[in-house]
Number of protein chains: 2
Amino acid sequence: MNSSASKVIKHREFRWEGIEVKAYKSDGAPYKDVTRQTLLGEGPGEESLNFVTRYFEIQPGGYSTFEVHRHPHAVIVLRGRGEVQLGNRCHAIGPFDVVYVAPETEHQFRASGSEPLGFLCVVDRTRDRPRVVGQDISSSQRESA
Amino acid sequence: MNSSASKVIKHREFRWEGIEVKAYKSDGAPYKDVTRQTLLGEGPGEESLNFVTRYFEIQPGGYSTFEVHRHPHAVIVLRGRGEVQLGNRCHAIGPFDVVYVAPETEHQFRASGSEPLGFLCVVDRTRDRPRVVGQDISSSQRESA
């Protein structure tokens with residue numbers, strides 16, 4: 001038996017005990033009103049996890065970066081309503097809907113309705129960097145400077 | 001752009017479009033009133049996912065197998081109340097609580113309260129087989145025969 005690293009992280013109103021609410025990104029890519037909480041995969045004792053479980057929250061009217069990368073996403077919506085763009089198609093999403101973002105699919109999440117859109121997003125621990133769609137990185141960095 | 005494999009799987013009352021509700025196990029290990037739905041990681045076009053996202057549901061009074069394995073679990077409760085045993089400690093769990101089951105931790109989920117306990121459990125696609133705690137496999141297989 002080895003239960004030293006095992007644990008329960010208690011939830012309360014889409015915040016988790018000891019988990020920091022962070023800025024969604026810091027690379028200058030365009031987005032609006034998004035936060036990130038890393039629930040599992042980067043904490044002490046969690047080195048054996050080969051994937052990272054994050055929770056993103058987008059305020060009404062907000063959106064994630066329209067981006068693309070090689071690594072896939074497994075997404076499960078926990079709260080709110082919105083839409084996800086997958087390539088050139090848009091899909092309405094709500095609680096407990098599952099989204100699979102396959103490699104190299106351009107994608108963006110947007111919150112509609114009156115409450116935040118919150119979703120889990122699981123990714124490989126080791127993964128490639130996202131590229132912004134419709135904009136070269138250097139120009140987006142200039143905009144945020 | 002490659003959006004052919006990307007998709008939304010719509011949810012309705014803890015069932016998902018096109019996802020089969022399966023028996024939790026078929027190896028004869030002891031459990032009670034548990035079902036399994038594999039949401040992502042084993043379907044066509046999902047080969048690039050290195051992890052599998054499953055949803056388990058335990059009816060009131062039911063429990064998962066008390067077991068142990070080398071691969072870790074990342075668990076997020078979606079509905080109901082219950083408890084998780086991690087080694088020799090028990091923890092109450094409810095909606096959106098997160099559970100990390102570290103490698104080689106003996107663990108069991110149990111449903112209490114009036115509604116089913118439902119939770120996501122993410123694991124590596126390639127992983128070791130669970131061993132039943134407090135019972136050798138051959139005797140449990142005899143019981144189920």
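Residues numbered from 1 in each chain as written. Chains lettered and ligands numbered in written order. Predicted model: local features only at pLDDT ≥ 70, side-chain atom pairs only at ≥ 80, totals over all residues. Heavy atoms only, no water.

**Things to note about the nonpolar core**
So, step 1. Counting 36 residues, the largest nonpolar core has Trp16 and Leu78 of chain A together with Trp16 and Leu78 of chain B as the members making the most contacts within it.
So, step 2. Beyond its immediate stretch of four places on either side in the chain, Trp16 of chain B contacts Phe96 and Val98 of chain A together with Ile9, Lys10, His11, Gln37, Leu39 and Tyr55 of chain B. (Core = buried A, V, L, I, M, F, W, Y, C linked by side-chain atoms within 4.5 Å. Buried < 20%, exposed > 50% of the residue type's maximum accessible area, 1.4 Å probe, protein only. Contact = heavy atoms within 4.5 Å.)

**What about the interface of chain A and chain B?**
So, step 1. With 50 residues of chain A in contact, the opposing surface of chain B contributes 50 residues.
So, step 2. Considering only the side of chain A, the residues that lose the most area to chain B are Phe96, Val98 and Tyr100 of chain A, jointly responsible for 18% of the buried surface there.
So, step 3. Here chain A is connected to chain B by two salt bridges.
So, step 4. Of the charged contacts, one joins Lys10 of chain A and Asp97 of chain B as a salt bridge, the two residues approaching to 2.6 Å between their closest N and O atoms.
So, step 5. The tally of links between chain A and chain B comes to 24 residue pairs in polar contact (both at pLDDT 80 or more). (Buried area = accessible area lost by both parts, 1.4 Å probe. Salt bridge = Lys/Arg side-chain N within 4 Å of Asp/Glu carboxyl O. Polar contact = N/O pair within 3.5 Å; in protein donor to acceptor, adjacent residues only side chain to side chain.)

**A word on the confidence of the model for chain A**
Residue and element names in this part refer to chain A.
So, step 1. Here chain A averages 91 in pLDDT, while 90% of its residues score no lower than 70.
So, step 2. Under a pLDDT of 50 for its full length, residues 137-145 has, in the predicted model, eight contacts with residues more than four places off or in other chains.
So, step 3. Interface predicted TM-score (ipTM) for the complex: 0.90; the corresponding pTM is 0.91. (pLDDT = per-residue confidence, 0-100.)

**Some remarks on the side chain of Arg79 of chain A**
All names here are of chain A.
So, step 1. With respect to the helices and strands, the residue Arg79 is situated in strand β8 (residues 73-79).
So, step 2. Its relative accessible area of 17% is what places Arg79 among the buried residues.
So, step 3. A polar contact is formed between the side chain of Arg79 and the side chain of Glu115, at a distance of 3.1 Å.
So, step 4. Excluding residues that lie within four positions of it along the chain, Arg79 makes contacts with Phe14, Tyr55, Glu57, Pro95, Glu115, Pro116, Leu117 and Gly118. (Helix = DSSP H or I, 4+ residues; strand = E, 2+ residues; numbered from the N terminus.)

**Quick notes on the pattern of salt bridges**
So, step 1. Using the criterion set out here, one finds 18 salt bridges over all chains in the structure.
So, step 2. In this structure, Arg15 of chain B and Glu57 of chain B form a salt bridge, with 3.3 Å as the shortest nitrogen-oxygen distance. You can see Arg15 of chain B sitting in strand β3 (residues 15-16) and its partner Glu57 of chain B sitting in strand β6 (residues 51-63), a full 42 residues away along the chain.
So, step 3. Arg15 of chain B gets classed as partly exposed once you look at its relative accessible area, which sits at 35%.
So, step 4. Classification of Glu57 of chain B by relative accessible area gives buried; the value is 3%.
So, step 5. Three or more residues joined by partner-sharing salt bridges are found here, namely Arg15, Glu57, Arg79 and Glu115 of chain A.

**Quick look at the packing of aromatic side chains**
A ring pair, where both rings are aromatic, is described by two values, the distance of the centres and the angle of the planes.
All names here are of chain A.
So, step 1. Taken as a whole and assessed by the stated rule, the structure comprises 15 aromatic pairs over all chains.
So, step 2. Arranged with centres 5.8 Å apart and planes meeting at 35°, the rings of Phe56 and Phe119 form a pair that is tilted. You can see Phe56 sitting in strand β6 (residues 51-63) and its partner Phe119 sitting in strand β13 (residues 117-124), a full 63 residues away along the chain. A single burial state applies to Phe56 and to Phe119, both of which are buried. (Phe/Tyr/Trp six-rings, centres within 6.5 Å; stacked < 30°, edge-to-face > 60°.)

**Some details on the relation of the copies chain A and chain B**
So, step 1. Under the fitted operation, chain A is carried onto chain B by 0.0 Å of movement along the axis and a turn of 180°, and the coordinates agree to an RMSD of 0.0 Å. Each copy turns onto its partner about a two-fold axis. When C-alpha positions in chain A are compared against the rotation axis, the closest is assigned to Phe51 of chain A, at 3.7 Å. (Least-squares fit on C-alpha atoms with pLDDT ≥ 70 in both.)

**Considerations on the environment of Arg54 of chain A**
Residues and elements named next belong to chain A.
So, step 1. As for its position among the elements, Arg54 is in strand β6.
So, step 2. In this structure Arg54 comes out as buried when scored by relative accessible area, which is 6%.
So, step 3. As for Arg54 and Phe119, which are separated by 65 residues in sequence, their C-alpha atoms are 8.3 Å apart.
So, step 4. Other than its neighbours up to four places away in sequence, Arg54 contacts Arg36, Gln37, Thr38, Leu39, His73, Phe119, Leu120, Cys121, Val123 and Arg127.

**Considerations on unusual backbone geometry**
Residues and elements named next belong to chain A.
So, step 1. Even without a glycine there, the phi angle at Glu13 is positive, about 55°.
So, step 2. Of note, Phe14 is a non-glycine position whose phi angle comes to about 65°, a positive value.
So, step 3. The topology assignment puts Phe14 in the loop between β2 (11-12) and β3 (15-16).

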